[in-house]
Amino acid sequence: MLELLARPGTSVAPGGHLDVEVAPDDVADAERLVHLERLPARRARTAAMPDDLPAALVHRLEQAGITELWSHQAEVLARARAGEHLVVATGTASGKSLAYQLPTIEHLLADDRSVALYLAPTKALARDQLRALRQLKLPQLRAAVLDGDTPRPERDAIRRTANWILTNPDLLHASLLGDHQRWADVLHRVGTVIVDESHVARGVFGSHVAIVLRRLRRLLERYGADPTFLLASATIGNPGEHASELTGLDVGEVVVDGAPHGALDLGLWLPPLEEDGDARRSMLRETGDLLAAFVGAGVQTLAFTRSRKGAEVIALAAKERLGDTSDADGTVLADTVAAYRAGYLAEERRELEQRLRDGQLRGVAATQALELGIDVAGLDAVLLAGWPGTTASFWQRLGRAGRSGDAAAGVLIAQEDPLDHYLVTHPAELTGRPPEDAIVDPANRYLLGPHLRCAAQESPLTDDEAARWFGPTAPELLDAEVTAGRLVRRGGRTVWAARGRAAAEVNLRSTGGQDVRIIDTETGAVIGDVDEARAHRQVHTGATYLHQGRQLRIAQLDLDRRLALAEPADRLDITTRPRTDTDVAVLEIADRTAWGEVDVAYGAVQVTLQVTGYEVLRIGTGEVLDRIDLDLPPQELATVAVWCAIPDGVLDDVGLPPARVPGALHAAEHAAIGMLPLLALCDRWDLGGLSTAWHADTDRPTVFIYDGVPGGAGLTERSYRRLPEHLAATRRTIATCRCSTGCPSCVQSPKCGNGNDPLDKAGAVDVLDLLLAREPTTNDRA
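Read on for a plain summary of the structure. (Residues numbered from 1 in each chain as written. Predicted model: local features only at pLDDT ≥ 70, side-chain atom pairs only at ≥ 80, totals over all residues. Heavy atoms only, no water.)

Here helix α23 (residues 661–675) spans 21 Å end to end across 15 residues, near enough to the 21 Å set by a 1.5 Å rise per residue. Among the 15 residues of α23, 14 are classified as buried, and the element is accordingly described as predominantly covered. (Helix = DSSP H or I, 4+ residues; strand = E, 2+ residues; numbered from the N terminus. Expected span 1.5 Å × (residues − 1). Buried < 20%, exposed > 50% of the residue type's maximum accessible area, 1.4 Å probe, protein only.)

Laid out in structure tokens, this is it:
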């Protein structure tokens, strides 16, 4: 793949790189490829197939060409046989599926009444695993998928006959647990619970899943089941600890990867500066061009991006670039490119997945919906449109290339983001980074309270039982639910007080509220959904919305009916950007440190956000064509934050007059938010911020950074504990960026509600310098 990455004229040799920080002038003349190296192949570590595995299973494995195990597979089998709860955390395509399949199938073959319950984070992964199980052709293995697409008659048949049920946490929460009496015979016979791609269960989603698993374990115990839990994870920093937090059990870890892997040609790509020198070419367009180049060369390629809209834009750009070009067989190459993302209808997803396996699709722009485990052999290249947010996701996605055993290519295309710019210009920092820890917080009161309602509806709760299963704060939260009238006390037990389903009020994929459905007004079809917390920003009236390459306009956002009505856009050369107002009120200071005269603190805050309007932008140039006001209600967020309150006199001393303070603080806030994912398992969209030349609660110029989820997720606390490291990396990123007055690679933010105005790049460096100069040698806690 080196010849595809190293384009004619490039000045970067394999294994070398251009260090932008040391030699920034080189970048202006260099090609977009600023680093290229070959990561070596890894040999397998194997173990003999155990003699005591069931003969039928061994026979089917031999027919599939499997005559020995990789070392981690053998370790999982031996320890699972001893009844140990385990997580296997190894690389992509390392055979994690077989690692948990072997002990599970062995158990099912030994006990025909036993049931395995398999949980996947996506429907696509569950159906891919179903295909793998059926390929074993074991008549004793009766596997079936149970998800939102499963018709009611099939659900009844699954209850009666299946002994390997593949589902997801969402259906487990919304249907199976609440309907547990109908599933009583199945729950009684569960011998193994499998949680696949468990590293995805982190942050808010992971905290939801952790509580759901505790609800599941509670009911399993009620029905007399005591299953073994087996988890499969990408390589993260704390697999055993995370799995234990997720399940509430003591979970052992298997982390030594015995699988082989082919060589990978890794390229780091920095889009060039535009002619004005203050912005880089669109990362999405750049990725679209690269995708088209790979498809044109006959290379089946996945391009991963973090947003649904980004997947649509990349696919559209690649199609436009390919135009009417055909291959030797007369196939129009543009027709072999598509987008794949969450929000599509089930039949759309199935068709895209099948076309990808058959090789009919040669280029796919995808979100995380395709990251998790769909096993497609022959993928030759992976493009990452922007840093995916974590080291685990970075290697997970790159690992999708080369699954057929050949050398593969992976390219990270930097978006205009401080962290992306930092990583592609510091290759050793990127390839040498240890994996981050995955964090869950099943005690988050904003998440746990609604789940306690679900648990009380499933089976009445005593205070002792609530504390045992859901932690010491659960009885207090039960009291709050009773006071609010959502639960009632009867004979020392707490029960659900309403008629509807408690689970219907809890969406595992969001921080609160119910989904808003997006309707195509031409056909009346549901073409997507978005959670209520994001609907104000993403599908407000007038917003641009992309679906399957079509550009639509949201004609109306109806919050009462939770509908967004989309119509064909009358202009295809424009997009929209929301404008927001943010206010932060300090509720409680949990900890504080004196940095000289500067007050640095961490604590609870109340954030008020309101989308006040939107800007109409010309695609390509970003020119603001119009500003439209909206009348949307404010949204409240109780969370946690870190903040720095700086006296006016200190700012004066470093040469920042009052007129420059707002722009300097604003720029420092943006860059610090962009760099926090260097320390914590998150991305900038999980965070928010506010900078102000005077704040009522501090009586000083202040910069706030807050967790973007109710109750917090431990992100800004990580910043507070490692603030010198955080601020130093932020300062380095701004100071080494080649732009003159600030750009998206340093101080501009794609989520800024004020249109990135005002911003003072030089002033931000001054602010960070004054903070770092006052860093205490020892913490003086108040």
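After that view, the rundown keeps rolling.
By way of backbone hydrogen bonds, the strands of a sheet pair with one another, either parallel or antiparallel. Spatially, the seven strands line up as an open sheet ordered β7-β8-β6-β9-β10-β5-β11, and their pairing is parallel. Only two strands of the sheet have a single neighbouring strand rather than two, namely β7 (143–145) and β11 (252–254). Each neighbouring strand pair of the sheet contributes to a mean axis angle of 20 degrees, computed without reference to strand direction. Across three bridges, the pairing between strand β5 (residues 86–89) and β11 is parallel. (Pairing = 2+ DSSP bridges. Axes fitted to C-alpha atoms, helices over the stretch in contact; angles between N-to-C directions.)

Here we take up the environment of proline 418. Mapped onto the fold, proline 418 is located in helix α16 (residues 418–424). You can call proline 418 buried: its relative accessible area is 0%. Proline 418 has contacts with Ala671, Gly674, Met675, Arg684, Thr733, Pro744, Ser745 and Cys746, leaving out every residue within four places of it along the chain. (Contact = heavy atoms within 4.5 Å.)

What follows covers the packing of aromatic side chains. Taken as a whole and judged by the stated rule, the model has five aromatic pairs. On the basis of an interplanar angle of 40 degrees and a centroid distance of 5.6 Å, the ring pair of tryptophan 643 and phenylalanine 704 is categorised as tilted. One end of the pair, tryptophan 643, is in strand β28 (residues 635–645); the other, phenylalanine 704, is in strand β30 (residues 700–707), with 61 residues separating them in the sequence. For the pair shown, tryptophan 643 and phenylalanine 704 are each scored as buried. One aromatic cluster is present, formed by Trp387, Phe394 and Trp395 through successive ring pairs. For the cation-ring pair, arginine 159 lies above tryptophan 183, with the distance from its terminal atom to the ring centre recorded as 5.0 Å. (Phe/Tyr/Trp six-rings, centres within 6.5 Å; stacked < 30°, edge-to-face > 60°. Lys NZ or Arg CZ within 6 Å of the ring centre and 35° of its normal.)

This paragraph deals with the nonpolar core. Counting 104 residues, the largest nonpolar core has Ile165, Leu216, Phe470 and Ile646 as the members making the most contacts within it. Looking at which element gives the most residues to this core, the answer is helix α10 (residues 203–222), with ten residues. Not counting chain neighbours up to four residues away, the residues in contact with isoleucine 646 comprise Val598, Leu651, Leu665, Arg700, Pro701, Val767, Leu770 and Leu771. Counting 36 residues, the second largest nonpolar core, distinct from the first, contains Met49, Val76, Val88 and Leu230. (Core = buried A, V, L, I, M, F, W, Y, C linked by side-chain atoms within 4.5 Å.)

With their axes 10 Å apart at the nearest point, helix α8 (residues 169–176) and α10 run at an angle of 50 degrees to one another. Here α8 lies oblique to α10, going by the angle between them. When the axes of α8 and α10 are compared, the crossing they make is left-handed. Residues Pro169, Leu172 and His173 of α8 lie in contact with α10, whose contacting residues are Phe205, Val209, Val212, Arg215 and Leu216. Tallied by class, residues from the contact of α8 with α10 come to six nonpolar, one polar and one charged. (Parallel < 35°, antiparallel > 145°, perpendicular 65-115°, else oblique. Left-handed = near helix turned anticlockwise from the far one by under 90°. Nonpolar A, V, L, I, M, F, W, Y, C, P; charged D, E, K, R; others polar.)

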